[in-house]
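Observations on the three-dimensional arrangement
For reference, the chains in residue letters:
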Amino acid sequence: MITPSEIKQKAENKYIAYLQSIVEGISFNPIIVAGNKRPDDNTVKFEAELTELINHSKEKKGFGYSIEYSTVKTKLHGVQDLPSSIVFQSESDYLRFIGKEKATAKFKEDIARIIESFPELNDWIYKYPRKVIENDWDSLLMVCAYFKRTPQPNLYIRELPIKVHTKFIENNKGIIKELLDILIADYVDQDEKHFESRFHLKYDEPIVRFRILDNSISHLSFSDVEDISIPISQFKQLAIPVQKVYVVENKINMLSFPMVEKSIVIWGHGFGVETICDVEWLKDKDIFYWGDLDAQGFQILSLLRSHFGQVKSFLMDRPTFDEFFEGDKGTPANIEKGLCLTPEENEMFLYLKENNFRLEQEKIPYEYTLAMIPNARRDSGEK
């Protein structure tokens, strides 16, 4: 026989649908829980279960569920009036039984405020009533109202003139994103997953570090500064008169990279190379990538080439590996296929992956590097 605790669980399972009926403006309909669970064969236990069920009903407690019976002839207990349905006849009976009176009253107040301010959120409320209950709508409505007025703030979160704590926005980016995607859809950068970028906010951007490899360019364009670190948004705006762009995985190799006319070298910082993958002005440059000779090095090469099809690898070939490999092991890689590699690169990738071999960039002598880069020369220090 169904127990009061089982009734409560089943009643709670219907709560979201009940909240959705409120959003739709539907008057309360009695909530029914099936009560025709097979009674226990033991007569004493059967009578105890029935007594417990009745003692927790509205008949005894003054609120909660009512029991509807059906007359059934049982093999062991003879003719019995057994519970067939458990019914919550009124809204107050239902809510008091599951302990949701205050939460529901607050829900009704909140959806009235939300829809009054932003009727376009009605469908979202219907779909996610639990999120309405779980969140602070005094603060959320202030945030939404600000972005509705100023959909492209171009400010840091800390600078936003909203009377909520900075940490509130930081800690509630998930639901704020859902709301703003609806409220200011025409201003959202849909391709951006990063919250600040998506909603035109300033943030602590990734830094791109690079070196100018041509003294004449560093002199004319950067006041003789050749080692430069700038936010990615500023890097995207550069107009440097270079033809070649070298990307290296290792910072020291970036710092010691030989001078090459009309060229720069960028520190890729491993998979951090993704930071530069949407830089438009790189699309018409000759790009060369030098990573560690291990499976991850070729994965990074593939990532870069998936954005810039012209990327060529260098110092990542079998002769270089055979010349300087010292038996080091790398990090196991699970990826099997689908990389943007040439047949020769893919063969090298599989060899390194299957054997878990690794040759780090810094173990390749500088003189060898210098000889393998066309038109490379040492930096004389002269400007």
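Quick look at the structure, then. (Residues numbered from 1 in each chain as written. Predicted model: local features only at pLDDT ≥ 70, side-chain atom pairs only at ≥ 80, totals over all residues. Heavy atoms only, no water.)

On a plain count of helices and strands, the protein chain comes out with 19 helices and 9 strands. Its C-alpha atoms give the protein chain a radius of gyration of 34 Å, clearly above 21 Å, the size a compact globule of 383 residues would have. Scored against the burial criterion, the 383 residues of the protein chain give a buried share of 45%. Partitioning the contacts of the protein chain with sequence separation of at least 6, the portion at a separation of at least 24 is 65%. Accessible surface, the protein chain as shown: approximately 20,600 Å² in total, 48% of it carbon and sulfur. The average position of the 49 basic charges and that of the 61 acidic charges among the side chains of the protein chain differ by 6 Å. (Helix = DSSP H or I, 4+ residues; strand = E, 2+ residues; numbered from the N terminus. Rg over C-alpha atoms; globule rule 2.2 N^0.38 Å. Buried < 20%, exposed > 50% of the residue type's maximum accessible area, 1.4 Å probe, protein only. Contact = heavy atoms within 4.5 Å. Areas by Shrake-Rupley, 256 points an atom, 1.4 Å probe, with all protein chains shown as cover. Lys, Arg positive; Asp, Glu negative; His and termini not counted. Charge placed at Lys NZ, Arg CZ, Asp CG, Glu CD.)

This part takes up the nonpolar core. Counting 60 residues, the largest nonpolar core has Phe210, Phe235, Phe257, Ile276 and Leu304 as the members making the most contacts within it. Among the elements that line this core, the one with the most residues is helix H16 (residues 295-307), at 6 residues. Sequence-distant contacts of Phe210, that is, excluding residues within four places in its chain, are made with Glu226, Asp227, Ile228, Ile230, Phe235, Leu238, Ile240, Met254, Ile264, Val265 and Ile266. In this structure, Ile67, Phe97, Ile125 and Val188 belong to the second largest nonpolar core, which totals 54 residues. (Core = buried A, V, L, I, M, F, W, Y, C linked by side-chain atoms within 4.5 Å.)

This part is about the packing of aromatic side chains. Enumeration according to the criterion identifies 24 aromatic pairs in this entry. A ring pair is formed by Tyr146 and Phe147, whose centres lie 5.6 Å apart and whose planes are at 85°; its orientation type is edge-to-face. You'll find Tyr146 and Phe147 in the same group, each marked buried. Ring centres of Phe325 and Phe357 lie 4.8 Å apart, and the angle between their planes is 50°; on these two criteria the pair is classed as tilted. In this pair, Phe325 is assigned in the loop between helix H17 (318-324) and helix H18 (343-355) and Phe357 in the loop between H18 and helix H19 (366-372), connecting sequence segments 32 residues apart. By relative accessible area, Phe325 is classed as partly exposed at 24%. Linked through ring pairs, Tyr15, Tyr18, Phe28, Tyr65, Phe88, Tyr94 and Phe97 together constitute an aromatic cluster. We note Arg96 situated over the ring of Phe63; from NZ or CZ to the ring centre the distance is 3.9 Å. It is Lys131 that lies over the ring of Tyr128; its NZ or CZ is 4.1 Å from the centre. (Phe/Tyr/Trp six-rings, centres within 6.5 Å; stacked < 30°, edge-to-face > 60°. Lys NZ or Arg CZ within 6 Å of the ring centre and 35° of its normal.)

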